[in-house]
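Summary of structural features
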Amino acid sequence: MAKHKFILSGGGTGGHIYPAIAIANELQSRFPDAEILFVGAKDKMEMQKVPQAGYKIQGLWIAGLQRKLTLQNAMFPFKVLSSLWESRKIIKRFKPDVVIGTGGFASGPLLKMANSMNIPTVIQEQNSYPGITNKLLSKKANSICVAYDNLERFFPADKMILTGNPVRQDLLDIQEKRKEAIEYFNLDPSKKTLLILGGSLGARRINQLIEKELPNLLSLKVQVIWQCGKFYLEDYKNYNRHNVQVIAFIERMDLVYAAADMIVSRAGASSVSELCIVGKPVIFIPSPNVAEDHQTKNAEAIVNKKGAILLKESQLDDFSLVFESLIKDQGKQDQLSENIKLLAKPKATEEIVDAIVKLI
């Protein structure tokens, strides 16, 4: 039997990379001798993260349009043409059975070229409000795996499969890891732990908020694990002290989720999906600086089902009031936990791979 071959493309942020890696891992476990190749954007974080996960990656010369007039924008048409040409060469050389896109700059040219060469394609759309690239690609895609209901206005209904977003498999059993987590982070088991997540690069407004609120949080007998992002570590590492841990990047997400009692987080699609499985009380502070404001829409999809609290950046003056009322109300914490767990889709990765396998 011929060896199966798959190309995956997703990058720019952890939210596009980690789902692609989760899908690759599931494909590899089903087809141990399969050949898997990633295609990313040169100079983006996938060029490091994918090899760390054990997969080969090739880079395209592609980047997004800037919001203002720049030299980068003048180069954009040349980058697109170069990336389409390079994608064609990669596909002809590798001869994949299926090409899978999880979003990010490189997936556009790659899937466009796969479609034109009659190679089956699968789109994995993480957000409740899809980006323009996936809307354009959806017309020719064979299957579109989505994480939210009611996306018929963006995608052909007959191609959509509601799967949820792929998540790290080590999050499925965090309940059993609580003791290990408390030891790993050297926490006081008698205190509540607040976890702050600003995404892999960090979130300036969340960091500024926590800096301002830290005395108040500590007066509520809370211990804080503060993931500030690699760009901000120098600014905030001096807050490392008893009951406060400032970390650039968290390697053991399973343990940090197991340790946390409450979480403040951005609302990127992958984070939202993980938090549904983790099932802890969450205050979402969406980034307003993303395309189509999709983080707010992701958060609202949970909040509308009474599974989390939403604070927009324009409402951050209310944070201390909101947090204090939550920390003092165990019933409210339990209710948020129960409701967010109902929205979890723990089998998402398997179902996405089922859709891919049907196209071989």
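The structure we're discussing is the one just above.
Residues numbered from 1 in each chain as written. Predicted model: local features only at pLDDT ≥ 70, side-chain atom pairs only at ≥ 80, totals over all residues. Heavy atoms only, no water.

Some thoughts on the side chain of Q295
To keep things clear, this is the line we draw: Runs of H or I in DSSP of at least four residues are treated as helices and runs of E of at least two as strands, each being numbered from the N terminus. For each residue, the accessible area found with a 1.4 Å probe, counting protein chains only, is set against the maximum for its type, and the residue is called buried under 20%, exposed over 50%, and partly exposed in between. By the criterion applied in these results, polar contacts are pairs of N or O atoms within 3.5 Å in which, for protein atoms, one can donate a hydrogen and the other can accept it, and in which residues neighboring in sequence qualify only through two side-chain atoms.
Relative to the elements of secondary structure, Q295 occurs in helix α11 (residues 294–303). The exposure class assigned to Q295 is buried, which follows from its relative accessible area of 9%. A polar contact of 2.8 Å, which involves the side chain of Q295, links it to the backbone nitrogen of S287.

Regarding the environment of Q227
Condition: By definition in these notes, contact holds between two residues if any of their heavy atoms fall within 4.5 Å.
Residue placement: Q227 occurs in strand β9 (residues 222–227). In this structure the C-alpha to C-alpha distance between Q227 and R266, which are 39 residues apart in sequence, comes to 12 Å. Among all residues touching Q227, those that are not within four sequence positions of it are I196, L197, G198, G199, S200, N207, I247, A248, F249 and I250. Separated by 3.4 Å, the side chain of Q227 and the backbone nitrogen of G198 make a polar contact.

Quick notes on the state of the cysteines
Heads up, the condition is: Any two cysteine sulfur atoms lying within 2.5 Å of each other are counted as a disulfide.
The final tally for this structure, using the stated rule, is 0 disulfides. In this structure C145 is not part of a disulfide, and its nearest cysteine sulfur, from C276, lies 18 Å away.

What to know about the sheet that holds strand β4 (residues 98–101)
Put simply, the rule reads: Here a strand pair is declared whenever DSSP counts at least two bridges between the two strands. Lines fitted to C-alpha atoms define the axes here, with helix axes fitted over just the stretch in contact, and angles between the N-to-C directions of these axes take values from 0 to 180 degrees.
Spatially, β3-β2-β1-β4-β5-β6-β7 is the arrangement adopted by the 7 strands of the open sheet, whose pairing is parallel. Two strands lie at the open edges of the sheet, namely β3 (56–60) and β7 (160–162), each paired on one side alone. Across the sheet, the mean angle from the axis of one strand to that of its neighbour is 20 degrees, orientation sign disregarded. Looking at chain direction, strand β1 (residues 5–9) and strand β2 (residues 35–41) are connected through 5 bridges and run parallel. From the neighbouring strand, F6 faces β2, where its bridge partner is I36.

Topic: unusual backbone geometry
At N186, a position not held by glycine, the phi torsion is positive, near 55 degrees. Mapped onto the secondary structure, N186 falls in the loop between α6 (178–184) and β8 (192–197). For N186, a relative accessible area of 70% gives the class exposed.

Overview of the pairing of β9
β9 sits mainly inside the fold: 6 of its 6 residues count as buried. Residue alternation in β9 divides its side chains into two sets, V222, V224 and W226 and Q223, I225 and Q227, and both sets are buried. Inspection of the sheet shows β8 paired to β9 by 6 bridges, in the parallel sense. When the bridges of β9 are listed, I196 appears paired with W226. In the sheet, β9 pairs with strand β10 (residues 244–247) via 4 bridges, with the strands oriented parallel. Bridge pairing in β10 places V224 opposite V244.

Observations regarding the nonpolar core
Put simply, the rule reads: Nine residue types can take part in a nonpolar core, namely buried Ala, Val, Leu, Ile, Met, Phe, Trp, Tyr and Cys, and a core is a set of them joined through side-chain atoms within 4.5 Å.
Within the largest apolar cluster, 35 residues are counted, with the highest numbers of intra-cluster contacts made by F185, L195, I250, Y257, I263 and F284. Put simply, the parts of the chain that give this core at least two residues each are α6, β8, α9 (253–259), α10 (269–278), β12 (282–284) and α11. By residue number, the principal contributor to this core is α9, which donates 6 residues. Counting residues in each nonpolar core, the second largest holds 31 residues, with L220, Y236, M262 and L316 among its members.

Some points on the packing of aromatic side chains
Filter applied, for reference: Note on ring pairs: Phe, Tyr and Trp rings are taken, using the six-membered ring of Trp, and paired if centres are within 6.5 Å. Classes follow the plane angle, with under 30 degrees stacked, over 60 edge-to-face and the rest tilted. Ring-over charges, as used throughout, are those where CZ of Arg or NZ of Lys falls within 6 Å of the ring centre and within 35 degrees of the ring normal.
Enumeration over the complete set of coordinates arrives at 8 aromatic pairs. Taken together, a centroid distance of 4.9 Å and an interplanar angle of 70 degrees make the contact between Y129 and F154 edge-to-face. Here the residue Y129 occupies a position in the loop between β5 (121–125) and α5 (132–137), and F154 occupies one in the loop between β6 (143–146) and β7, the gap between them amounting to 25 residues. With relative accessibility at 14%, the residue F154 sits in the buried group. Ring plane angle 75 degrees and centroid distance 4.9 Å describe the contact between Y184 and F185, whose orientation is recorded as edge-to-face. According to the relative accessible area criterion, Y184 is partly exposed, its value standing at 48%. The structure contains a cluster of three or more aromatic residues connected by ring pairs, namely W226, Y236 and Y239. The ring of F94 is capped by K5, whose NZ or CZ atom sits 5.3 Å from the centre of that ring. It is R168 that lies over the ring of Y18; its NZ or CZ is 4.9 Å from the centre.

Thoughts on α10
Within α10, 9 of the 10 residues are buried, which leaves it mostly tucked inside the rest of the structure. If you check which residues of α10 are buried, you get A269, S270, V272, S273, E274, L275, C276, I277 and V278. Lining the buried residues of α10 we find α1 (14–30), α9, β11 (262–265), β12, α11 and α13 (330–341). Where α10 ends, the next residue or the one after it, G279, has phi of about 70 degrees, a positive value.

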